[in-house]
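# An overview of the molecular structure
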Amino acid sequence: ERSIHTGMRARDLNGKIIYVNEAFCRMVGWRQDELIGRQPPMPYWPENAIDDIRSIHDRILSGSGPSEGFELPFRRRNGESFTALVHEAPLIDDTGRQTGWMGSVVDISDRKAAEEATLRQQERLQATARLVAMGEIASGLAHELNQPLAAISSYCSGALNMLRANARAADVQPALEKAVEQTRRAAQII
(Lines give C-alpha, C1' and ligand atoms only; values in the text may rest on other atoms or scores of the structure.)
Protein backbone atom coordinates (compact mmCIF):
# COMPACT_ATOMS: atom_id res chain seq x y z
CA GLU A 1 0.00 0.00 0.00
CA ARG A 2 2.84 2.42 0.76
CA SER A 3 4.54 1.68 -2.54
CA ILE A 4 1.64 2.63 -4.82
CA HIS A 5 1.26 6.11 -6.26
CA THR A 6 -2.49 5.85 -6.61
CA GLY A 7 -4.45 7.68 -3.95
CA MET A 8 -6.94 5.49 -2.11
CA ARG A 9 -9.89 6.91 -0.22
CA ALA A 10 -12.68 5.00 1.52
CA ARG A 11 -15.96 6.55 2.60
CA ASP A 12 -18.83 5.13 4.59
CA LEU A 13 -22.35 5.00 3.19
CA ASN A 14 -22.95 8.59 4.37
CA GLY A 15 -19.85 9.94 2.60
CA LYS A 16 -17.64 10.35 5.68
CA ILE A 17 -13.98 9.56 4.98
CA ILE A 18 -12.96 6.44 6.89
CA TYR A 19 -9.58 5.80 5.24
CA VAL A 20 -6.96 7.51 3.07
CA ASN A 21 -3.55 6.20 2.08
CA GLU A 22 -0.30 8.14 2.10
CA ALA A 23 -0.39 8.67 -1.69
CA PHE A 24 -3.75 10.41 -1.41
CA CYS A 25 -2.45 12.60 1.40
CA ARG A 26 0.63 13.56 -0.63
CA MET A 27 -1.62 14.33 -3.60
CA VAL A 28 -3.94 16.71 -1.75
CA GLY A 29 -1.58 17.96 0.97
CA TRP A 30 -3.71 17.09 4.02
CA ARG A 31 -2.67 14.55 6.65
CA GLN A 32 -4.63 11.36 7.37
CA ASP A 33 -5.78 12.65 10.75
CA GLU A 34 -7.10 15.83 9.06
CA LEU A 35 -9.13 13.87 6.50
CA ILE A 36 -10.45 10.81 8.34
CA GLY A 37 -13.86 11.60 9.80
CA ARG A 38 -14.48 14.52 7.42
CA GLN A 39 -17.90 14.97 5.85
CA PRO A 40 -18.50 16.85 2.58
CA PRO A 41 -17.61 19.37 1.42
CA MET A 42 -14.07 18.05 1.46
CA PRO A 43 -11.15 20.44 1.88
CA TYR A 44 -9.70 19.32 -1.46
CA TRP A 45 -12.82 20.38 -3.37
CA PRO A 46 -12.23 23.71 -5.13
CA GLU A 47 -14.66 26.42 -4.02
CA ASN A 48 -15.88 27.04 -7.58
CA ALA A 49 -16.70 23.34 -8.15
CA ILE A 50 -18.31 22.34 -4.84
CA ASP A 51 -21.85 22.06 -6.24
CA ASP A 52 -20.75 19.93 -9.22
CA ILE A 53 -18.57 17.66 -7.09
CA ARG A 54 -21.30 17.33 -4.44
CA SER A 55 -23.73 16.27 -7.18
CA ILE A 56 -21.40 13.49 -8.36
CA HIS A 57 -20.66 12.58 -4.72
CA ASP A 58 -24.38 12.22 -3.96
CA ARG A 59 -24.93 10.14 -7.11
CA ILE A 60 -22.15 7.77 -6.05
CA LEU A 61 -23.57 7.40 -2.54
CA SER A 62 -26.98 6.62 -4.01
CA GLY A 63 -25.45 3.93 -6.23
CA SER A 64 -26.13 5.76 -9.49
CA GLY A 65 -22.70 7.28 -10.00
CA PRO A 66 -20.58 6.92 -13.13
CA SER A 67 -19.75 3.28 -13.82
CA GLU A 68 -16.38 4.19 -15.29
CA GLY A 69 -13.65 6.55 -14.16
CA PHE A 70 -14.45 10.24 -14.15
CA GLU A 71 -12.42 13.41 -13.91
CA LEU A 72 -12.82 15.93 -11.12
CA PRO A 73 -11.08 19.18 -10.29
CA PHE A 74 -9.27 18.90 -6.96
CA ARG A 75 -7.31 21.43 -4.92
CA ARG A 76 -4.11 20.89 -2.98
CA ARG A 77 -3.70 22.37 0.46
CA ASN A 78 -1.42 25.07 -1.01
CA GLY A 79 -4.27 26.18 -3.31
CA GLU A 80 -2.91 24.59 -6.48
CA SER A 81 -5.57 23.00 -8.68
CA PHE A 82 -5.18 19.66 -10.41
CA THR A 83 -7.32 17.21 -12.33
CA ALA A 84 -7.98 13.85 -10.69
CA LEU A 85 -9.15 10.68 -12.38
CA VAL A 86 -11.42 8.90 -9.89
CA HIS A 87 -12.72 5.34 -9.95
CA GLU A 88 -15.31 4.42 -7.31
CA ALA A 89 -16.36 0.92 -6.30
CA PRO A 90 -18.56 -0.45 -3.54
CA LEU A 91 -16.64 -1.24 -0.35
CA ILE A 92 -17.74 -4.74 0.70
CA ASP A 93 -17.02 -6.23 4.12
CA ASP A 94 -16.17 -9.88 4.80
CA THR A 95 -19.87 -10.79 5.10
CA GLY A 96 -20.62 -9.44 1.61
CA ARG A 97 -22.40 -6.34 2.88
CA GLN A 98 -21.64 -2.94 1.35
CA THR A 99 -20.25 -0.63 4.00
CA GLY A 100 -19.23 2.29 1.84
CA TRP A 101 -17.26 3.28 -1.23
CA MET A 102 -13.60 2.83 -2.13
CA GLY A 103 -12.12 5.31 -4.54
CA SER A 104 -8.84 5.30 -6.39
CA VAL A 105 -7.56 8.75 -7.30
CA VAL A 106 -4.82 9.55 -9.81
CA ASP A 107 -3.44 13.02 -10.49
CA ILE A 108 -3.67 13.34 -14.28
CA SER A 109 -2.58 16.99 -14.50
CA ASP A 110 0.57 16.11 -16.47
CA ARG A 111 -1.44 14.01 -18.91
CA LYS A 112 -4.05 16.77 -19.29
CA ALA A 113 -1.29 19.35 -19.86
CA ALA A 114 0.29 17.11 -22.51
CA GLU A 115 -3.11 16.62 -24.19
CA GLU A 116 -3.70 20.37 -24.20
CA ALA A 117 -0.21 21.02 -25.58
CA THR A 118 -0.84 18.44 -28.30
CA LEU A 119 -4.18 20.05 -29.11
CA ARG A 120 -2.59 23.51 -29.31
CA GLN A 121 0.16 22.11 -31.56
CA GLN A 122 -2.45 20.49 -33.83
CA GLU A 123 -4.36 23.77 -33.99
CA ARG A 124 -1.15 25.62 -34.93
CA LEU A 125 -0.39 22.99 -37.59
CA GLN A 126 -3.91 23.32 -38.98
CA ALA A 127 -3.57 27.11 -39.06
CA THR A 128 -0.23 26.78 -40.83
CA ALA A 129 -1.74 24.33 -43.32
CA ARG A 130 -4.56 26.80 -44.01
CA LEU A 131 -2.00 29.59 -44.55
CA VAL A 132 0.00 27.37 -46.91
CA ALA A 133 -3.19 26.51 -48.81
CA MET A 134 -4.11 30.19 -49.01
CA GLY A 135 -0.60 30.96 -50.29
CA GLU A 136 -0.93 28.29 -52.95
CA ILE A 137 -4.33 29.62 -53.98
CA ALA A 138 -2.99 33.18 -54.11
CA SER A 139 0.01 32.06 -56.14
CA GLY A 140 -2.16 30.11 -58.57
CA LEU A 141 -4.60 33.00 -58.85
CA ALA A 142 -1.76 35.45 -59.50
CA HIS A 143 -0.37 33.19 -62.21
CA GLU A 144 -3.79 32.70 -63.83
CA LEU A 145 -4.57 36.42 -63.73
CA ASN A 146 -1.15 37.42 -64.97
CA GLN A 147 -1.74 35.84 -68.39
CA PRO A 148 -4.93 37.73 -69.32
CA LEU A 149 -3.60 40.96 -67.79
CA ALA A 150 -0.43 40.71 -69.88
CA ALA A 151 -2.54 40.04 -72.98
CA ILE A 152 -4.82 43.02 -72.19
CA SER A 153 -1.77 45.23 -71.77
CA SER A 154 -0.32 44.03 -75.08
CA TYR A 155 -3.58 44.52 -77.01
CA CYS A 156 -4.14 47.98 -75.53
CA SER A 157 -0.54 49.02 -76.25
CA GLY A 158 -0.89 47.79 -79.83
CA ALA A 159 -4.20 49.67 -80.22
CA LEU A 160 -2.57 52.86 -78.87
CA ASN A 161 0.35 52.49 -81.25
CA MET A 162 -2.04 52.01 -84.14
CA LEU A 163 -4.04 55.09 -83.12
CA ARG A 164 -0.84 57.15 -82.89
CA ALA A 165 -0.04 56.07 -86.44
CA ASN A 166 -3.48 57.33 -87.52
CA ALA A 167 -4.89 53.83 -88.08
CA ARG A 168 -8.51 53.43 -88.97
CA ALA A 169 -11.01 52.36 -86.28
CA ALA A 170 -11.62 49.14 -88.17
CA ASP A 171 -7.91 48.28 -87.88
CA VAL A 172 -7.87 48.97 -84.11
CA GLN A 173 -11.15 47.19 -83.36
CA PRO A 174 -9.78 43.56 -83.36
CA ALA A 175 -7.12 44.45 -80.76
CA LEU A 176 -9.71 46.10 -78.51
CA GLU A 177 -12.10 43.14 -78.91
CA LYS A 178 -9.30 40.77 -77.84
CA ALA A 179 -8.58 43.01 -74.83
CA VAL A 180 -12.26 42.85 -73.85
CA GLU A 181 -12.18 39.05 -74.26
CA GLN A 182 -9.16 38.80 -71.97
CA THR A 183 -10.91 41.05 -69.41
CA ARG A 184 -13.82 38.57 -69.36
CA ARG A 185 -11.34 35.71 -68.94
CA ALA A 186 -9.78 37.50 -65.94
CA ALA A 187 -13.24 38.05 -64.45
CA GLN A 188 -14.01 34.31 -64.83
CA ILE A 189 -10.77 33.43 -63.07
CA ILE A 190 -11.68 35.69 -60.17
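The text that follows walks through the structure, step by step, so that each part is easy to find. Residue positions within a chain follow its written sequence, with the count starting from 1. In keeping with the predicted nature of the model, local features appear solely for residues at pLDDT of at least 70, side-chain atom pairs appear and are counted solely at 80 or more, and the whole-chain, interface and lining totals rest on all residues. With hydrogens and water excluded, all non-hydrogen atoms of the structure serve as input to the side-chain values.

It is worth spelling out the packing of aromatic side chains at this point. Paired rings are identified among Phe, Tyr and Trp, the last through its six-membered ring, by centres lying within 6.5 Å, and are further divided according to the angle between planes into stacked (under 30 degrees), edge-to-face (over 60) and tilted (the rest). Scanning the entire structure with this criterion turns up three aromatic pairs. Relative to Phe74, the ring of Tyr44 lies with its centre 4.9 Å away and its plane at 55°, an arrangement referred to as tilted. Placement of Tyr44 in the loop between helix H2 (32-35) and helix H3 (50-61) and of Phe74 in strand S3 (residues 70-75) is noted, with a sequence separation of 30 residues between them. One exposure class covers both Tyr44 and Phe74, and it is buried. Between Phe74 and Phe82, the ring centres sit 5.9 Å apart and the planes meet at 90°, which makes this aromatic pair edge-to-face. Take Phe74 and Phe82: they sit in the same class, and that class is buried. Among the aromatic residues, those joined into a cluster by ring pairs are Phe24, Tyr44, Phe74 and Phe82. Sitting over a ring, as applied to charges here, requires NZ of Lys or CZ of Arg to be within 6 Å of the ring centre and within 35 degrees of the ring normal. Of note, Arg76 hangs over the ring of Phe82, and the distance from its end group to the ring centre comes to 4.1 Å. A run of H or I in DSSP counts as a helix once it spans at least four residues, and a run of E counts as a strand once it spans at least two, with each numbered from the N terminus. Note on exposure labels: buried denotes an accessible area under 20% of the residue type's maximum, exposed denotes more than 50%, and partly exposed covers the range between, all computed with a 1.4 Å probe on protein chains only.

Whether two strands pair depends on DSSP finding at least two bridges between them. Ordered by their spatial adjacency, five strands build an open sheet running S2-S1-S5-S4-S3, and the pairing between neighbours is antiparallel. Here the strands that pair on one side only, and so sit at the sheet edges, are strand S2 (17-20) and S3. Between one strand axis and the next, the sheet turns by 35° as a mean value, whatever way the strands run. When S3 meets strand S4 (residues 81-92), the two strands line up antiparallel, connected through six bridges. When the bridges of S4 are listed, Leu72 appears paired with Ala84. In this fold H3 packs onto strand S1 (7-12), S3, S4 and strand S5 (98-107), with an angle of close to 130° to the strand it touches most, S3. Contacts between helix H4 (residues 109-164) and the sheet are confined to S3, S4 and S5, with S4 contributing the most and set at about 130° to the helix. In this analysis, axes come from line fits to C-alpha atoms, helices being fitted only over the stretch in contact, and the angle between any two N-to-C directions falls in the range 0 to 180 degrees. Any two residues whose heavy atoms approach within 4.5 Å are treated as being in contact.

Looking now at helix H5 (residues 169-189). With 21 residues, H5 extends 30 Å between its outermost C-alpha atoms, agreeing within 8% with the 30 Å of an ideal straight helix rising 1.5 Å per residue. Among the residues of H5, those classed as buried are Val172, Ala175, Ala179, Gln182 and Ala186. At its buried positions, H5 is contacted by H4. Given a helix with a known number of residues, its expected span is that number minus one, times 1.5 Å.

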